[in-house]
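Read off the chains here:
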Amino acid sequence: IQSELTTPTGAAIVATVADDFGPLPPMRIEQIGYGAGSRDLADQPNLLRLFVGQTDAEFGHDQVWVLETNLDDVSGEVLGHTSQLLREAGALDVYTTAIQMKKNRPGVKLSVLCRAAERFALEGIIFRETPALGIRRWTAERSKLARRAVTVPTIWGDLEGKVAVWGEQERFSPEYEDCSRVAAEHKVPLADVYQAAQRAYTEQGPCNRANDGPCLT
């Protein structure tokens, strides 16, 4: 539409009060309001519609970008180096998939999940570090559980981890970097460190597990 569809003040209000953007979530609608502008648009109604309601979802929603490219002439070393650079630049996730390309050549699909703010920088890394000639991209809606950081005591010292919460259920995951450091320093198997962290979390009471916020009972 070759016309102003919102005022700068309206855009500022939306950017300030909104936590994220996406399709209408499942919700119990309490009120619906309409406002009409004075300009007649040829391609769509000049209307604003506002929904007010409550959602019962026990998890959050956000929107991410998916970047993908197919590569059939890249070494594992280059892929590993590129993946590390992408993560350091803000990628939410980086992974590869074995694929079969034209003329029966084996190849690799490089996939990256990221926020909108990091998209162009990550595409630049892919073009610079790999022989990619093009990158496919699209947005994806994502549901995610609430998470919080926790610290658990072990015989090797405190270990960091994260807890995913869904209703009254909790799932604890030790931080790999922390566990790997402890395993290397004390020359013990990484699996033993993971088991010790899980056991320490289980043995803690619900109130002792939370580093901040209310106790989970």
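Keep in mind that this is a model prediction, so the values were computed, not measured. (Residues numbered from 1 in each chain as written. Predicted model: local features only at pLDDT ≥ 70, side-chain atom pairs only at ≥ 80, totals over all residues. Heavy atoms only, no water.)

A few words now on the overall build of the protein. When helices and strands are counted, the protein shows 6 helices and 9 strands. Its C-alpha atoms give the protein principal-axis dimensions of about 75 × 60 × 30 Å. Considering only contacts in the protein between residues 6 or more positions apart, those separated by 24 or more positions represent 56%. When the accessible area of the protein is evaluated, it comes to approximately 14700 Å², of which 53% is carbon and sulfur surface. Side-chain charges in the protein split into 23 positive and 30 negative, and the spacing between the mean points of these groups amounts to 5 Å. (Helix = DSSP H or I, 4+ residues; strand = E, 2+ residues; numbered from the N terminus. Contact = heavy atoms within 4.5 Å. Areas by Shrake-Rupley, 256 points an atom, 1.4 Å probe, with all protein chains shown as cover. Lys, Arg positive; Asp, Glu negative; His and termini not counted. Charge placed at Lys NZ, Arg CZ, Asp CG, Glu CD.)

So, on to the packing of helix H4 (residues 176-186) against helix H5 (residues 190-203). Put simply, H4 and H5 touch, their axes get as near as 9 Å, and they point 120 degrees apart. Comparing the axis directions of H4 and H5 gives the class oblique. The two elements H4 and H5 cross, and the hand of that crossing is right-handed. Residues Tyr176, Cys179, Ser180, Val182 and Ala183 of H4 touch H5, and the partners they reach there are Leu190, Val193 and Tyr194. Residue composition of the contact of H4 with H5, grouped by class: 7 nonpolar, 1 polar and no charged. (Axes fitted to C-alpha atoms, helices over the stretch in contact; angles between N-to-C directions. Parallel < 35°, antiparallel > 145°, perpendicular 65-115°, else oblique. Left-handed = near helix turned anticlockwise from the far one by under 90°. Nonpolar A, V, L, I, M, F, W, Y, C, P; charged D, E, K, R; others polar.)

As a further point, take the pattern of salt bridges. Following the criterion strictly, the structure yields 12 salt bridges and no others. A salt bridge links aspartate 62 to lysine 144; the shortest N-O distance between them is 3.1 Å. Of the two residues, aspartate 62 sits in strand S3 (residues 60-71) while lysine 144 sits in strand S6 (residues 136-144), which places them 82 residues apart along the sequence. Note that aspartate 72 and arginine 105 form a salt bridge whose closest N and O atoms lie 2.6 Å from each other. Of the two residues, aspartate 72 is situated in the loop between S3 and helix H2 (76-88) and arginine 105 in the loop between strand S4 (93-100) and strand S5 (106-114); the sequence distance between them amounts to 33 residues. Residue classification places arginine 105 among the partly exposed residues on the basis of a relative accessible area of 30%. (Salt bridge = Lys/Arg side-chain N within 4 Å of Asp/Glu carboxyl O. Buried < 20%, exposed > 50% of the residue type's maximum accessible area, 1.4 Å probe, protein only.)

Further remarks concern the sheet that holds strand S9 (residues 169-174). On the basis of which strands lie adjacent, the open sheet formed by 3 strands has the order S7-S8-S9 and antiparallel pairing. Edge positions in the open sheet fall to strand S7 (146-154) and S9, since each of these has one partner strand only. Averaged over all adjacent pairs, the angle separating strand axes in this sheet is 35 degrees, with direction ignored. Judged from the 6 bridges that link them, strand S8 (residues 157-166) and S9 form a sheet pairing that is antiparallel. Residue pairing across strands places tryptophan 166 opposite glutamine 169, the latter belonging to S9. (Pairing = 2+ DSSP bridges.)

So, on to the side chain of threonine 82. In this structure, threonine 82 sits in helix H2. Look at threonine 82 and you get buried, because its relative accessible area is 0%. Other than its neighbours up to four places away in sequence, threonine 82 contacts Ile125, Glu129 and Thr130.

Moving on to the nonpolar core. Grouped together as the largest cluster of nonpolar side chains are 15 residues, with contacts concentrated most on Leu86, Val112, Leu122 and Ile126. Contributions of two or more residues to this core are made by S3, H2, S5 and helix H3 (119-129). With residues near it in sequence (within four places) discarded, isoleucine 126 still touches Thr69, Leu86, Leu110, Val112, Ala132 and Ile135. Core analysis: the next-biggest nonpolar cluster, separate from the first, contains 13 residues, Cys179, Ala197, Ala200 and Tyr201 among them. (Core = buried A, V, L, I, M, F, W, Y, C linked by side-chain atoms within 4.5 Å.)

Okay, the packing of H2 against H3 next. Following both chains from N to C, one finds H2 and H3 inclined at 160 degrees, their axes separated by 10 Å at the closest point. The orientation of H2 relative to H3 falls into the category roughly antiparallel. Classified by chirality, the crossing of H3 by H2 is right-handed. Of H3, the residues touching H2 (which contributes Val78, His81, Thr82, Leu85 and Leu86) are Leu122, Ile125, Ile126, Arg128 and Glu129. Classifying every residue of the contact of H2 with H3 by side-chain character gives 6 nonpolar, 2 polar and 2 charged.

Interpretation in functional terms is not warranted from these geometric data alone.
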